[in-house]
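Report on the structure
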Amino acid sequence: MVAEGKRWRFAMVCSSNMNRSMEAHSQLGRAGLDVESYGTGTHVKLPGPSLHEPNVYDFGTPYGAIYDDLRRKDPDLYKRNGLLPMLKRNTSVKLAPQRWQDNTGDGVFDMIMTFEERVFDLVVEDMSNREPRLMKCVLIINMDVKDNHEEAGVGAKLAVELCQKLEAIDGDWEDIIDDLITAFEKQHKRRLAYSISFY
């Protein structure tokens, strides 16, 4: 339950905290919502010159440093495949990709949104492994979004709409979440999965 009139805190989560979660972070921020973003992978992975040669970075490596590294390696390739523009956008949102599993110091979220089933499962598992201290509900929602720039933009718009609907709820969200999700799925022809965990 979120107290009446209280702002919700949202977390957007994908695998590398590069594309889907960052596009959503950017759009939610522009809509005036309280948002952070994360990745669940062991490392940040970005496409390289071939399928077998990804660019791999540690979480916490600044987006600006990754941008400079890719621009040094092959500016034409990384401009053409959209990585340089994506990293430029990311630098305007926050400093560096952050890992979900290392975020316990970031406080409590009211809703965590993931963009693929594997990431959803990792977040649900991570939350169930944390010892609940506050007994405060957190809603975890998954909406599958393909990991490309166009789909990330579409997914982010839908994330903004869903988050605004949640923040506008008067009273206990637990009482109406089933109906809200069903209506959203029907309106947008997207399947959502959700789980409830505790802080």
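To keep things clear, this report deals only with the structure shown in the data block. Quantities reported herein were computed from a predicted structural model and do not represent experimental measurements.

This next bit is on the packing of aromatic side chains. Using the criterion set out here, one finds 5 aromatic pairs in the structure. Measuring from ring centre to ring centre gives 5.4 Å for Tyr-38 and Trp-100, while their planes differ by 80 degrees; the resulting arrangement is edge-to-face. Highlighted residues: Tyr-38 in strand 2 (residues 34–39) and Trp-100 in the loop between helix 4 (83–91) and strand 5 (111–114), separated in sequence by 62 residues. Here the aromatic rings of Tyr-38 and Phe-109 are separated by 6.0 Å at their centres, their planes lie at 80 degrees, and the arrangement is edge-to-face. Linking Tyr-38 in strand 2 with Phe-109 in the loop between helix 4 and strand 5, this pair joins segments that are 71 residues apart in sequence. Per residue, the accessibility class of Tyr-38 equals that of Phe-109, and both read buried. Aromatic rings pair up to connect Trp-8, Phe-10 and Trp-173 into one cluster. If you follow Arg-9 out to its NZ or CZ, it ends over the ring of Phe-109, 4.3 Å from the centre. Above the plane of the ring of Tyr-38 lies Lys-94, whose end atom (NZ or CZ) is 5.7 Å from the centre.

What follows is about a negative patch on the surface. Together, Glu-117, Asp-121, Glu-125 and Asp-144 give the surface a local cluster of negative charge. By the element assignment, Glu-125 lies in helix 5 (residues 117–129). A residue is classified by how much of its surface remains accessible, and Glu-125, at 46% relative accessible area, is partly exposed.

Our focus in this paragraph is the pattern of salt bridges. Per the counting criterion, the structure on display carries 14 salt bridges. Across the pair Arg-7 and Glu-167 runs a salt bridge whose closest N-O atoms are separated by 3.4 Å. Placement of Arg-7 in the segment before strand 1 (9–14) and of Glu-167 in helix 6 (residues 149–167) is noted, with a sequence separation of 160 residues between them. Judged by relative accessible area, Arg-7 falls into the partly exposed class, the value being 41%. Exposure remark for Glu-167: the relative accessible area of 23% places this residue in the partly exposed category. Here Lys-73 and Asp-69 are joined by a salt bridge, their closest N and O atoms 3.2 Å apart. Of this pair, Lys-73 and Asp-69 are both found in helix 2 (residues 63–73), 4 residues apart, which corresponds to roughly one turn of the helix. Beyond isolated ion pairs, a larger network of salt bridges with shared partners links Arg-20, Glu-116, Arg-118 and Asp-147.

Packing of helix 6 against helix 7 (residues 173–188) leaves a shortest axis separation of 12 Å and a crossing angle of 150 degrees. With respect to helix 7, the element helix 6 is oriented roughly antiparallel. Between helix 6 and helix 7 lies a crossing whose hand is right-handed. Taking contact as the criterion, the partners of Leu-158, Glu-161, Leu-162, Lys-165 and Leu-166 in helix 6 are, on helix 7, Ile-177, Leu-180, Phe-184, Gln-187 and His-188.

Looking now at the pairing of strand 6 (residues 137–143). Within strand 6, 7 of the 7 residues are buried, which leaves the element mostly enclosed by the surrounding structure. Relative to strand 6, strand 5 is paired through 4 bridges, and the arrangement is parallel. Bridge pairing links Thr-114 to Asn-142 in strand 6. Regarding topology, helix 5 serves as the crossover connection from strand 5 to the parallel strand 6, and that connection is right-handed. As paired elements, strand 6 and strand 7 (residues 192–198) share 7 bridges and run antiparallel to each other. Bridged to Asn-142 within strand 7 is Ala-193.

Cut-off values and rules
Residues numbered from 1 in each chain as written. Predicted model: local features only at pLDDT ≥ 70, side-chain atom pairs only at ≥ 80, totals over all residues. Heavy atoms only, no water. Phe/Tyr/Trp six-rings, centres within 6.5 Å; stacked < 30°, edge-to-face > 60°. Helix = DSSP H or I, 4+ residues; strand = E, 2+ residues; numbered from the N terminus. Buried < 20%, exposed > 50% of the residue type's maximum accessible area, 1.4 Å probe, protein only. Lys NZ or Arg CZ within 6 Å of the ring centre and 35° of its normal. Patch = residues over 30% accessible without salt bridge, like charges linked within 9 Å, V, L, I, M, F, W, Y side chains within 5 Å. Areas by Shrake-Rupley, 256 points an atom, 1.4 Å probe, with all protein chains shown as cover. Salt bridge = Lys/Arg side-chain N within 4 Å of Asp/Glu carboxyl O. Lys, Arg positive; Asp, Glu negative; His and termini not counted. Charge placed at Lys NZ, Arg CZ, Asp CG, Glu CD. Axes fitted to C-alpha atoms, helices over the stretch in contact; angles between N-to-C directions. Parallel < 35°, antiparallel > 145°, perpendicular 65-115°, else oblique. Left-handed = near helix turned anticlockwise from the far one by under 90°. Contact = heavy atoms within 4.5 Å. Pairing = 2+ DSSP bridges. Right-handed = clockwise from strand over helix to strand, strands pointing away.

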